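Next come the chains, spelled out residue by residue.
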Amino acid sequence: MARQHLTDFELMILFAILRIGDHAYGVPIAREIEQTGKRTVLLGAIYTALDRLEENGLVTSTYGDPTPERGGRAKRFFKVTGKGLKAVKETQRAFTALWSGIPQLKGGTA
Amino acid sequence: VRQPPKIASALLRYFGPPEASSVGDLLEEFQSGKSCCWYWRQVIAIIAASTSTEVLRHPVITMRAIAVGSAFTWIMWHGYVMWAVLNYDEVLFTTGLLPWFYTHGLTVPRTAIFPATVVLYGLSGWIVARASRGSATVVLVYAGVSEFLFFADFGMWRFIYDPLPHSLMAILTVAVRPIPALFGGLWAVSTRHPAERPLHA
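Residues numbered from 1 in each chain as written. Chains lettered and ligands numbered in written order. Predicted model: local features only at pLDDT ≥ 70, side-chain atom pairs only at ≥ 80, totals over all residues. Heavy atoms only, no water.

Visitor: How should I be thinking about the overall build of chain B in this particular structure?
Guide: Along the backbone of chain B there are 11 helices and 0 strands. Going from the N terminus to the C terminus, chain B shows its helices and strands as α-α-α-α-α-α-α-α-α-α-α. Working note: accessible area of chain B is about 10,900 Å², and carbon and sulfur atoms make up 72% of it. (Helix = DSSP H or I, 4+ residues; strand = E, 2+ residues; numbered from the N terminus. Areas by Shrake-Rupley, 256 points an atom, 1.4 Å probe, with all protein chains shown as cover.)

Printed below as a string of structure tokens:
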């Protein structure tokens, strides 16, 4: 059976790509997760997750132009696909359903 | 322009992903002021991620190359090839081919097992690289796996039963053995003919 919902890390990456917009590549994605998500991330882990998301059709990638400060390597820009957006919404629904009705989580933050 | 740690960059060049954008991201972050320690941590993570991805994408080629390399070393040890090399004088004497060495006491010193092992594992790394279409990642996996296999098969008993200094020699042999396997493999990778199709093509 195909996996229906995203892991928390995959979800964070998709959120980061959506927040950044058109210029989402490895470095800003990592910064966004670190700053907004308050979580230290490794670039290798981000690329592994991005490759997995791309294989599942949740993101697409295109290459930019190589730049000198990157040692002549091109940037790989990512975009969330329609399928990716649907997966985010489904995961959000699942989390919300699980969240609701738990007395310990009612009122205020944890 | 800051230069990133050379050894880490070399490791990334050999064992990192074939697709270069993650390496570019790493360099961009390093140029923006990240520390060398950060760079090393990221390189190790990228190599670990790239290794697992490549092994999962090509499980048959990886397993076959590791099996061939392991079979080679196993035959060399258990087929008495190494023993024959290290005790060539006795072999030549008992087979009657050339008894002169034995009668004149020209033997190989016991410590020769150390360089002989280096050559053997260098050769096995070379074989693994050739069997995996020049994949440095498979060589890296082989170096790790061979360490485990060797210890399970042979090294553990030497630690238990051999008196010193043989145990010390066994420790040295076990500790440095993956290094010649890595170097032998990387030599094969770097000398691969450009016309040969690489594993990740």
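Visitor: Looking at this structure, how should I read the packing of aromatic side chains?
Guide: To describe a pair of aromatic rings, one takes the distance between the centres and the angle between the planes. Residues and elements named next belong to chain B. Applying the stated criterion to the full structure yields 8 aromatic pairs over all chains. Ring geometry for Tyr80 versus Trp83: centroids 6.5 Å apart, planes at 90°, classification edge-to-face. Members of the aromatic cluster, connected to one another through ring pairs, are Tyr88, Trp100 and Phe101. Between Arg2 and the ring centre of Phe30, over which it is positioned, the NZ or CZ distance is 3.9 Å. (Phe/Tyr/Trp six-rings, centres within 6.5 Å; stacked < 30°, edge-to-face > 60°. Lys NZ or Arg CZ within 6 Å of the ring centre and 35° of its normal.)

Visitor: What exactly am I supposed to notice about the confidence of the model for chain B here?
Guide: Any region with low pLDDT has predicted coordinates that should not be read closely. Residue-level pLDDT values for chain B average 82, and 83% of them are 70 or greater. Of all secondary-structure elements in chain B, the lowest mean pLDDT belongs to helix H10 (residues 166–176) of chain B, at 65, while helix H3 (residues 36–57) of chain B reaches the highest, 90. (pLDDT = per-residue confidence, 0-100.)

Visitor: Even after reading the chapter, I still don't get the pattern of salt bridges, so can you show me in this structure?
Guide: A pair can form between side chains of opposite charge whenever their charged atoms are brought close. Residues and elements named next belong to chain A. For the structure on display, the rule yields 9 salt bridges over all chains. Across the pair Arg19 and Glu32 runs a salt bridge whose closest N-O atoms are separated by 2.7 Å. Of the two residues, Arg19 is situated in helix H1 (residues 8–20) and Glu32 in helix H2 (residues 26–36); the sequence distance between them amounts to 13 residues. With relative accessibility at 58%, the residue Arg19 sits in the exposed group. You can call Glu32 buried: its relative accessible area is 18%. Through salt bridges with shared partners, a single ionic network connects Asp51, Glu54 and Arg76. (Salt bridge = Lys/Arg side-chain N within 4 Å of Asp/Glu carboxyl O. Buried < 20%, exposed > 50% of the residue type's maximum accessible area, 1.4 Å probe, protein only.)

Visitor: Explain the environment of B:Gly79 to me, please; I cannot follow it from the model alone.
Guide: Counting through the fold element by element, B:Gly79 comes out in the loop between helix H4 (59–78) and helix H5 (81–86). For the pair B:Gly79 and B:Thr95, spaced 16 residues apart in sequence, the C-alpha to C-alpha distance is 17 Å.

Visitor: Explain unusual backbone geometry to me, please; I cannot follow it from the model alone.
Guide: A negative phi angle is the norm for most residues apart from glycine, just as the trans form is the norm for most peptide bonds. Residues and elements named next belong to chain B. Phi at Tyr80 is positive, roughly 65°, even though this residue is not glycine. With respect to the secondary-structure elements, Tyr80 resides in the loop between H4 and H5. Residues other than glycine seldom take positive phi values, yet Arg133 does so here, at roughly 55°. In this fold, Arg133 is placed in the loop between helix H8 (113–131) and helix H9 (136–161).

Visitor: Just to check I follow, could you spell out the interface of chain A and chain B for this structure?
Guide: Interface size, as often reported, equals the accessible area lost upon joining of the parts. The interface of chain A with chain B comprises 19 residues on the first partner and 20 residues on the second. Inspection of the region where chain A meets chain B yields 4 salt bridges. Among the ionic pairs, A:Arg31 bridges to B:Glu29, the shortest N-O distance being 2.4 Å. Our enumeration of links across chain A and chain B arrives at 9 residue pairs in polar contact (both at pLDDT 80 or more). (Contact = heavy atoms within 4.5 Å. Polar contact = N/O pair within 3.5 Å; in protein donor to acceptor, adjacent residues only side chain to side chain.)

Visitor: Just checking my understanding: could you explain the state of the cysteines for this structure?
Guide: Each disulfide consists of one covalent bond between the sulfur atoms belonging to two cysteines. Residues and elements named next belong to chain B. Using the criterion set out here, one finds 0 disulfides over all chains in the structure. The closest cysteine sulfur to the non-disulfide-bonded Cys36 is located on Cys37, 8.7 Å from its own sulfur. When its relative accessible area of 39% is taken as the criterion, Cys36 is described as partly exposed. (Disulfide = S-S within 2.5 Å.)

Visitor: Mind showing me how you'd approach empty space enclosed by the protein here?
Guide: Rolled over the atoms, a probe as big as a water molecule pinpoints where empty space is left. According to the stated counting rule, one finds 3 cavities of 30 Å³ or more in the structure shown. Taken as a whole, the largest cavity encloses approximately 60 Å³ of empty space. Taken together, A:Ala30, A:Arg31, A:Glu34, A:Val41, A:Leu42, A:Leu43, A:Ile46, B:Glu29, B:Lys34, B:Trp38 and B:Gln42 make up the lining of the largest cavity. Within the residue set of the lining of the largest cavity, elements represented by two or more residues are H2 and helix H3 (43–55) of chain A together with H3 of chain B. When residues of the lining of the largest cavity are assigned to their parent elements, the largest contribution, 3 residues, is made by H2(A). (1 Å grid on protein atoms, 1.4 Å probe; cavity = no way out; pocket = protein on both sides within 12 Å on 5 of 7 lines; lining within 4 Å. Points joined across faces, edges and corners; volume = space filled by probe spheres on them.)

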